[in-house]
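Residues per chain are reported as follows:
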Amino acid sequence: MGRCITVATCSLRQWALDFEGNTNRIIESIRQAKAAGARLRVGPELEITGYGCNDHFLESDTFLHSFEMLARIMSDESCHGILIDTSCPIQHRNTIWNCRVMLCNGKILFIRPKMDLANTGNYRETRWFTPWMKRAGWEEYHLPRMLQKLQGATHVPFGDVVLSTPDSTYGSEYCEELWAPISGSVLQSLDGVEIFSNGSGSHYELQKLGDRVQLIAAQSKKVGGLYLYSNQQGCDGERAYYDGCSMIFLNGELLSATPQFTLDEVSVATATIDLEDIRAHRQISSRNFQAAGKTHQYHRVHTPFELSPDQDELHLSGHPTLPKQPKYHHVAEELALAAGCWLWDYLARSGSAGYLIPLSGGLDSCSTAVLVHSMARIAISAMEAGNQSVIATLKRIYGDDPLPKTAQELCHRVLHTVYMGARVSSEETRQRAKDIAANLGSYHLEMSIDPVYDAMKTAVTESLDIQPKFRMEGGTDEEGKSLQNIQARVRMVTAYTWAQLLPMKRQLHGGVLVLGSSNVGESLRGYFTKWDCSAADINPIGSVDKADLVRLLEWAEVEYSLPVLGETVKATPTAELEPVTEEYTQSDEVDMGMTYPELTLYGRLRKEKKMGPYSMFMHLVRIWGKHREEVDDNPYLEPAEIASKVKAFHHFVAINAHKRETLTPALHCNSYSCDSNRFDLRPFLYPPFWRSWSFKKIDREVARLEKAYAARK
């Protein structure tokens, strides 16, 4: 056996602009890594500032405070005796760079700027940073005075360089660079680099972890080497939740990982490996031939610091870590854990006393309430495990009162549910809301919005000389919609009024935040009232589709022992804003003119497959067309039927685009989220789609297909 080395990666619950808190967590992770025998510690992307600073990255204060915190780490002797790979923004020659900073024994070894910037979806890195364009190129960086004193020098290497220790060679690639077609780890490996780090700020999406694992496993197996991936943890101030799961791979096999979902401030994973395993893995002729003809030779920064212990201490270094299987969660469990942790971070960091949900008895608001219950379960488990930050938050919320012992007890303190009934509301939904609240343990209230609704109708009549009626009462569509919208908007005003006054009634410590409950499909279609009770402070289900919410409730019914959820899943989704008659009961899918599964498909084709109306129609003709040869479970429709569905979807998406500009900030969960403020950037004033060239092309294609099908007959 050759020399063994022990390394560490970590996930930190960083918070944008929390310079002191972030630095304390960094130092604690270094101490934990050292205590585990590690000689190398890798941290997540921009861990000193927090990843989500956004336009604060353009401020001079951000650079100043980053250097001040870096100086703290360098001067802290408990951080000596280990290689530290940390990260912060750095301004060099009047350009802002997203950088890794390599430290050892209080000195900067080199600064490595990011080469491939993330600039899709939620990422806007090119708005603030410039990519380093010189592969294997470097220059000198002039240190600020506060660091010159600690460094004992004025300059350090800046660029795409690697670190040479007496026993191995270490290189860094940076988050997006792993996903790029030409990744640095491939080129570095051909130049002899054996250990790779990847500091990342990768946000959560449903089932995304599998993609990360596959990519890192394949990369480390292909190049042969030790790969340390570090990811941020928690909500750092935005819509995204960073789901940790920092990992260590060797030659394609997972050795160690931090939890994907946790409220721990610091999570450290370590592994011990034999460097000879890397060298043996690389004895492949094709790899060696490519190495012999390599086109990039990296500048090596030399350090006398050894990753492996002295020869006399080899017997103390332990045995190499054995491979393990990654841990994956069911979709529903993932959603419960991710949203639960995100809600806790928001509750703890905002200083709030709790949440309020307008609980209608329907699936969406019930799902939101279940996610708060999941938050409570996670917090109680963390408290029982001795998590001091969770305990501190609970003490703030409870004051002198005893801390909770169960999730229901915590929910009764922090979760407020209000059933806002009206004449058109059913006894069924009222009772269901009451039962859900009782199962979850929330502080539940019932009230009627009819007095405010009646007053508004009277005001309309007195001012406009109009007596609006519902459709089934002989009114027009506009009259019916206006009456529905009055109810919906009264509920929003009620929610905020109750949220403002409930802390006084209950003598709570802090304010109460209102949670929204609109799902991604309805938001995309525009099936909600602008400024109704979907207008809230935050929304944990805003990028989740109906099918995943059903999965959540079915899972929670069993895992959380909440039998009442079964009735909610079975109930027909309804806004319950119109009177029920023997001939008519309002249904969401009927009102929308499309089913929830159809909405999910349209949303994915529009966002993930980048399809406009015409390309979506052509795609659906192939999988839904009545004359296709394949036998499957998809519908069999005529081209004109498919055209009608596609046109309706794009028409409603266009005319309701202005509504999406007001959507409540929502936890990002899906790759087809319609969050127009961050993820899905579109106009909100469209030309009429019914007169668009795309629709005309669809009509021509329908005519061509019908003619072709008729000729076959």
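Here, the structure is the one placed above.
Just so it is clear, the structure is predicted and the values come from calculations on it, not from any experiment.

A.B. asks: So what's going on with helix 6 (residues 209-223)? Which residues, and what values?
C.D. replies: For helix 6, with 15 residues, the first-to-last C-alpha span of 21 Å sits near the 21 Å given by 1.5 Å per residue. Every buried residue of helix 6 is listed here: L209, G210, R212, V213, I216, A217, Q219, S220 and V223. G224, located one to two residues past helix 6, shows a positive phi value of around 75 degrees.

A.B. asks: If you had to explain the nonpolar core to someone new, which residues and values would you point to?
C.D. replies: In this structure, L343, W344 and Y355 are the most contacted members of the largest nonpolar core, which totals 66 residues. Those elements that provide at least two residues to this core are helix 9 (331-350), strand 18 (354-358), helix 10 (363-384), helix 11 (388-398), helix 12 (407-414), strand 19 (415-421), helix 13 (427-440) and helix 17 (546-559). Here this core spans two domains, and each of domain 1 (2-314) and domain 2 (329-572) adds at least three residues to it. Not counting residues within four places of it along the chain, the set of residues in contact with Y355 comprises L343, Y346, L347, V372, M375, V414, L415, H416, V512, L513, L515 and I538. Ranked by size, the runner-up nonpolar core spans 35 residues in total, among them A38, I82, W97 and L147.

A.B. asks: Got a sec to walk through the packing of helix 1 (residues 19-35) against helix 2 (residues 60-75)? Specific residues and values, please.
C.D. replies: Between helix 1 and helix 2, the shortest axis-to-axis distance is 10 Å and the interhelical angle comes to 30 degrees. It follows that helix 1 is roughly parallel to helix 2 by the angle criterion. Two packed elements cross with a definite hand, and for helix 1 against helix 2 that hand is right-handed. Facing helix 1, whose interface residues are F19, E20, T23, N24, I26, I27 and I30, helix 2 presents T62, H65, S66, M69, R72 and I73. The class makeup of the residues in the contact of helix 1 with helix 2 is 6 nonpolar, 5 polar and 2 charged.

A.B. asks: Give me the lowdown on the sheet that holds strand 10 (residues 195-200), citing residues and values where you can.
C.D. replies: Taken in spatial order, the 7 strands line up as 15-14-11-10-9-8-17 in an open sheet, and their pairing is mixed. Two strands close off the open sheet at either side, each with one partner strand: strand 15 (253-257) and strand 17 (300-302). With strand direction ignored, the average angle separating the axes of adjacent strands in the sheet is 25 degrees. Bridging between strand 11 (residues 226-231) and strand 14 (residues 247-250) involves 4 bridges; their strand directions are antiparallel. Bridged to L226 within strand 14 is L250. Helix-sheet contacts for helix 6 involve strand 9 (169-173), strand 10, strand 11 and strand 14, and the interaxial angle to strand 14 is about 35 degrees.

Criteria and cut-off values
- Residues numbered from 1 in each chain as written.
- Predicted model: local features only at pLDDT ≥ 70, side-chain atom pairs only at ≥ 80, totals over all residues.
- Heavy atoms only, no water.
- Helix = DSSP H or I, 4+ residues; strand = E, 2+ residues; numbered from the N terminus.
- Expected span 1.5 Å × (residues − 1).
- Buried < 20%, exposed > 50% of the residue type's maximum accessible area, 1.4 Å probe, protein only.
- Core = buried A, V, L, I, M, F, W, Y, C linked by side-chain atoms within 4.5 Å.
- Domains from an automatic or database assignment.
- Contact = heavy atoms within 4.5 Å.
- Axes fitted to C-alpha atoms, helices over the stretch in contact; angles between N-to-C directions.
- Parallel < 35°, antiparallel > 145°, perpendicular 65-115°, else oblique.
- Left-handed = near helix turned anticlockwise from the far one by under 90°.
- Nonpolar A, V, L, I, M, F, W, Y, C, P; charged D, E, K, R; others polar.
- Pairing = 2+ DSSP bridges.

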